[in-house]
Amino acid sequence: YLVLPDKDNACTGIDNIAEAITLLELNNWDLVVITLWGGTATGPGGAAPAGPASSSSSSSYSGSPSCPVLPSRHIVERQPRMLHFRVEYRQRSVEVVLEESSTVGEIKQILETELQIPMSKMQLKGWKSGDVLDSTLLRTLHLPKNNSLYVLTPDITPSASTSQNSALQETLNQNFLLVITHREAQRDYNLHFPGTKTIQEVKRNVSDLTNIPVRHQQWDGWPASASDDSMTLAASGISFPCHHLSVCRRSSPANAQEQTEECTDVHMVSDSEGDDFEDASEFGVDEAEIFGMGSSGCRKSPMMPENCENEGEALLHFTSEFSTRYGDCHPVFFIGSLEAASQEAFYGKARDRKLLAIYLHNDESVLSNVFCSQMMCAESIVSYLSQNFTTWAWDVTKEANKARLLTMCTRHFGSVVAQTIRTYKTDQFPLLLIVMGKRTSNEVLNVIQGNTTVDELMMRLMGAMEIFTAQQQEDIKDEDEREAREMVKREQDEAYRLSLEADRKKREAQEREEAEQVRLEQIRKEQEEEREAIRLSLEQALPPEPSEEGGEPISKLRIRTPSGEFLERRFLGGCKLQVLFDFVASKGYPSDEFKLLTTFPRRNITQLEPASTLLEAKLFPQETLFLEARE
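Residues numbered from 1 in each chain as written. Predicted model: local features only at pLDDT ≥ 70, side-chain atom pairs only at ≥ 80, totals over all residues. Heavy atoms only, no water.

As recorded in an unreviewed UniProt entry, the protein chain goes by the name UBX domain-containing protein, listed as coming from Denticeps clupeoides.

As structure tokens, this is what we get:
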């Protein structure tokens with residue numbers, strides 16, 4: 001990062017702005033490459049004599065004789081972060097210094113040259129994250145500045161001269177008891193550590209127990225040989241099997257260093273744990289600026305406005321400010337109230353439920369910038385939170401916002417959680433509360449403070465996930481059983497409903513059939529009554545049967561019915577056929593339903609003209625007829 005002077009010609013010594021910009025672009029805007037000598041700037045191929053190399057802390061430039069000499073300004077140059085490795089192999093120790101953009105394989109290549117051991121037979125041990133691949137970038141391992149590693153070669157048989165190294169390897173496998181006295185609390189801790197544990201890791205564990213950050217710890221009892229925190233306990237020279245130590249908080253200076261009048265943004269370089277900082281003085285920046293605790297004039301806008309009525313708007317402001325400060329790679333914060341976040345995490349289907357991570361930010365804490373930039377923005381943490389947690393955030397810097405948070409926590413989680421948050425001091429923030437929803441109430445599984453590391457944060461998140469997964473499996477089992485019971489009940493209810501529906505339809509069909517029968521019977525009766533009325537009227541309208549003794553011609557007709565019975569009657573020869581048809585109809589055989597036929601030759605009398613006489617129809621003096629139903 002470069003802090004440029006206010007005037008272009010003060011940077012390049014060239015009054016023409018266009019020419020100065022062209023020169024800067026040719027040198028990729030790298031002021032260190034540009035040589036300023038006697039007011040003349042030269043590029044890489046210029047003929048002017050080269051000036052002295054620029055200092056990483058400051059550079060002075062002299063303008064042309066006609067230009068006033070501006071006061072020198074500090075230039076903070078971002079140098080690549082260098083990692084130091086001390087690698088032990090048998091009786092040898094190799095120092096390796098590489099940029100953090102290098103790979104593990106490049107370390108092995110250097111060791112192959114120094115130790116004359118093929119890379120294929122070399123096992124590089126001592127990584128905090130376990131075994132790593134040769135292609136792994138050192139940057140992704142979040143290593144401190146100083147590291148201790150050791151090489152194993154199981155395929156190469158050691159000679160007798162390696163007995164010393166074997167003894168060291170045996171010491172690495174031993175367990176040490178550290179009796180650590182916390183002088184301020186007047187309390188002793190008996191802690192067991194393997195020989196592979198580094199002094200730095202011991203100090204971090206003690207930080208969790210005593211709430212004293214590693215950078216504020218003052219120790220007594222370490223041997224003189226333990227000069228490097230990256231050393232293992234086995235190589236530090238402490239007593240085996242038990243060693244006594246004491247620790248207290250280092251007293252802070254009485255007067256803080258005077259704040260600079262001007263604010264300069266400087267990229268903070270640290271290891272993954274946030275405790276082993278490089279010396280900030282080499283960049284011309286004091287420690288207060290690294291932790292974001294500059295003068296009030298440099299302080300950034302608050303993460304959350306005070307007394308914001310709408311929680312969703314407050315969270316939108318928080319997310320926007322978080323992205324502005326620390327970049328876009330951060331957890332996805334739930335936008336909404338704490339109640340809505342709880343509903344989202346706890347009250348869906350068992351398979352869809354998640355843990356609720358509540359991030360509490362406090363700008364007054366020196367740990368906030370470190371925790372946000374190194375922990376909350378680490379890709380592994382962001383990915384793990386996104387997959388397994390619903391993350392909700394709140395800013396407690398302002399007392400009004402803190403009081404509102406305590407009210408929400410009391411309403412949703414009970415007074416115990418609110419009281420727990422009250423007990424934490426400002427320098428212990430930020431906090432990450434891990435909350436799990438249960439059948440009857442919500443439970444806070446863990447409260448993670450700001451003085452933690454990426455590895456410890458990940459371990460705590462994974463530990464909470466193990467507890468949650470076990471509970472989730474029980475909930476899924478109970479939910480599946482409940483759904484199975486409800487499914488059986490629904491199927492039974494559906495079968496009962498279908499049975500009732502079938503019975504209803506059957507009953508309705510039967511009722512319709514009965515109604516139809518009644519209707520048909522009624523029609524039949526009405527037709528019979530109508531037919532009987534017609535028959536009676538025809539019977540009454542028939543002329544009287546003539547006697548045989550009368551002088552008029554008489555036709556005697558014999559008619560066989562379909563039932564085999566015979567109807568006999570006498571008619572006058574001049575009687576019309578309609579009278580014969582009416583007679584047959586009066587006996588129950590109307591002409592529209594029955595045909596009146598002669599026997600031989602077969603004739604259909606009903607087709608003849610009803611107005612013709614019996615004589616004309618040749619039904620005289622006598623004839624046998626029969627009735628046949630019409631088709």
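Colleague: It is not clear to me how the overall build of the protein chain should be interpreted in this structure. Could you clarify?
Modeller: Along the backbone of the protein chain there are 15 helices and 20 strands. For the protein chain, with 631 residues in total, the buried portion stands at 41%. When the accessible surface of the protein chain is totalled, it reaches about 35,500 Å², and 50% of it is carbon and sulfur. (Helix = DSSP H or I, 4+ residues; strand = E, 2+ residues; numbered from the N terminus. Buried < 20%, exposed > 50% of the residue type's maximum accessible area, 1.4 Å probe, protein only. Areas by Shrake-Rupley, 256 points an atom, 1.4 Å probe, with all protein chains shown as cover.)

Colleague: Whenever I open this one, the pairing of strand β5 (residues 82-89) confuses me. Can you help?
Modeller: Taken residue by residue, a regular strand's side chains alternate between the two faces of the sheet. Alternating positions in β5 separate cleanly, Leu 83, Phe 85, Val 87 and Tyr 89 being buried on one face and Met 82, His 84, Arg 86 and Glu 88 remaining unburied on the opposite face. Bridge count for β5 against strand β6 (residues 92-99) is eight bridges, and the pairing is antiparallel. Across the sheet, residue Arg 86 finds its bridge partner in β6, namely Glu 95. Connecting β5 to the antiparallel partner β6 that follows it, the hairpin turn spans two residues, and Arg 90 within it adopts a positive phi of roughly 55 degrees. (Pairing = 2+ DSSP bridges.)

Colleague: Please explain helix α8 (residues 311-326) as it appears in this structure.
Modeller: Quick reminder: α-helices carry 3.6 residues per turn. Residues three or four places apart thus point the same way. Given a rise of 1.5 Å per residue, 16 residues ought to cover 22 Å, and the 22 Å separating the end C-alpha atoms of α8 matches this to within 8%. Buried residues belonging to α8 abut α9 (338-346), β13 (355-361), α10 (368-376), β14 (389-395) and α12 (399-413). The N-cap residue of α8 is Asn 310: its side-chain oxygen and the backbone nitrogen of Gly 312 are 2.7 Å apart. Downstream of α8 by a residue or two, Gly 327 has a phi angle that is positive, lying close to 100 degrees. (Expected span 1.5 Å × (residues − 1). Contact = heavy atoms within 4.5 Å. Polar contact = N/O pair within 3.5 Å; in protein donor to acceptor, adjacent residues only side chain to side chain.)

Colleague: Would you mind showing me how to read the side chain of Asp 395 here?
Modeller: Mapping Asp 395 onto the fold places it in strand β14. Within the buried core, Asp 395 has no salt-bridge partner, and the shortest N-O distance to an opposite charge, that of Arg 325, equals 6.6 Å. Of the polar contacts made by the side chain of Asp 395, one reaches the side chain of Thr 397; its length is 2.7 Å. Beyond its immediate sequence surroundings of up to four residues, Asp 395 is in contact with Met 303, Met 304, Phe 318, His 361, Asn 362, Asp 363 and Asn 401. (Lys, Arg positive; Asp, Glu negative; His and termini not counted. Salt bridge = Lys/Arg side-chain N within 4 Å of Asp/Glu carboxyl O.)

Colleague: Would you explain the sheet that holds strand β11 (residues 217-220) in this entry?
Modeller: Within a sheet, neighbouring strands are paired by backbone hydrogen bonds and run either parallel or antiparallel to one another. Strand order across the open sheet formed by four strands is β10-β9-β12-β11, with mixed pairing between neighbours. Both outer strands of the open sheet, β10 (187-194) and β11, are each paired with one neighbouring strand and no more. Between one strand axis and the next, the sheet turns by 30 degrees as a mean value, whatever way the strands run. As paired elements, strand β9 (residues 175-182) and strand β12 (residues 242-249) share six bridges and run parallel to each other. Residue pairing across strands places His 182 opposite Val 247, the latter belonging to β12. (Axes fitted to C-alpha atoms, helices over the stretch in contact; angles between N-to-C directions.)

Colleague: What exactly am I supposed to notice about α9 here?
Modeller: When we look at burial in α9, the residues that qualify are Leu 338, Ala 341, Ser 342, Ala 345 and Phe 346. One side of α9 carries all its buried residues, which in axial view fall inside an arc of 105 degrees. Along its buried surface, α9 packs onto α8, β13, β14, α12, β15 (431-437) and β16 (442-448). (Arc of directions from axis to C-beta.)

Colleague: How should I be thinking about the packing of aromatic side chains in this particular structure?
Modeller: Taken as a whole, this structure holds 14 aromatic pairs when the rule is applied. An aromatic cluster is defined as three or more aromatic residues linked by ring pairs; in this entry it consists of Phe 318, Phe 322, Tyr 326, Phe 333, Tyr 359 and Phe 371. Taking the ring centre of Phe 566 as reference, the NZ or CZ of Arg 558 above it sits at 3.8 Å. (Phe/Tyr/Trp six-rings, centres within 6.5 Å; stacked < 30°, edge-to-face > 60°. Lys NZ or Arg CZ within 6 Å of the ring centre and 35° of its normal.)

Colleague: Before we go on, may I ask you to explain the pattern of salt bridges in this structure?
Modeller: Working definition: two side chains of opposite charge can pair if their charged atoms are close together. Enumeration over the complete set of coordinates arrives at 27 salt bridges. Where Asp 493 meets Lys 489, a salt bridge forms, and the shortest distance between an N and an O atom there is 3.1 Å. You can see Asp 493 and its partner Lys 489 sitting in helix α14 (residues 454-541), four residues apart, about one turn around the helix. By relative accessible area, which is 39% here, Asp 493 ends up partly exposed. Taking the shortest distance from any N to any O, the salt bridge between Arg 570 and Glu 548 comes out at 3.8 Å. Residue Arg 570 is found in strand β18 (residues 566-572), and its partner Glu 548 is found in the loop between α14 and β17 (554-560); the two are separated by 22 residues along the sequence. Note on Arg 570: relative accessible area 22%, which makes it partly exposed. Overlapping salt bridges bring together Glu 321, Arg 325 and Asp 363 as one network.

Colleague: In this structure, what is going on with the sheet that holds β13? I would like to understand it.
Modeller: The strand order across the open sheet built from four strands is β14-β13-β15-β16, with neighbouring strands paired in mixed fashion. The sheet is open, and its two edges are formed by β14 and β16, each paired on a single side. Taken pair by pair, the neighbouring strands of this sheet meet at an average axis angle of 25 degrees, ignoring direction. The sheet contact formed by β13 and β14 spans seven bridges and is parallel. If you follow His 361 over to β14, its bridge partner there is Asp 395.

Colleague: Help me understand the environment of Leu 433 in this model?
Modeller: As for its placement among the helices and strands, Leu 433 is situated in strand β15. In this structure Leu 433 comes out as buried when scored by relative accessible area, which is 4%. The residues contacting Leu 433, other than those within four sequence positions of it, are Leu 356, Ala 357, Ile 358, Leu 360, Val 417, Ile 421, Asn 446 and Val 447.

Colleague: Just checking my understanding: could you explain the pairing of β12 for this structure?
Modeller: The pairing of β11 with β12 spans four bridges and is classified as antiparallel. Bridging across to β12, Gln 218 finds its partner in Cys 248.

Colleague: Just checking my understanding: could you explain the packing of helix α11 (residues 379-388) against α14 for this structure?
Modeller: A pair of packed helices can be characterised by two numbers: the angle between their axes and the separation between those axes. Two elements in contact, α11 and α14, have axes separated by 10 Å at closest approach and are oriented at 15 degrees. Here α11 is positioned roughly parallel relative to α14, judged by the angle of their axes. For α11 against α14, the interelement crossing comes out left-handed. Across from Ser 380, Ile 381, Tyr 384, Leu 385 and Asn 388 in α11, the residues of α14 making contact are Val 454, Leu 457, Met 458, Leu 461, Met 462 and Met 465. (Parallel < 35°, antiparallel > 145°, perpendicular 65-115°, else oblique. Left-handed = near helix turned anticlockwise from the far one by under 90°.)

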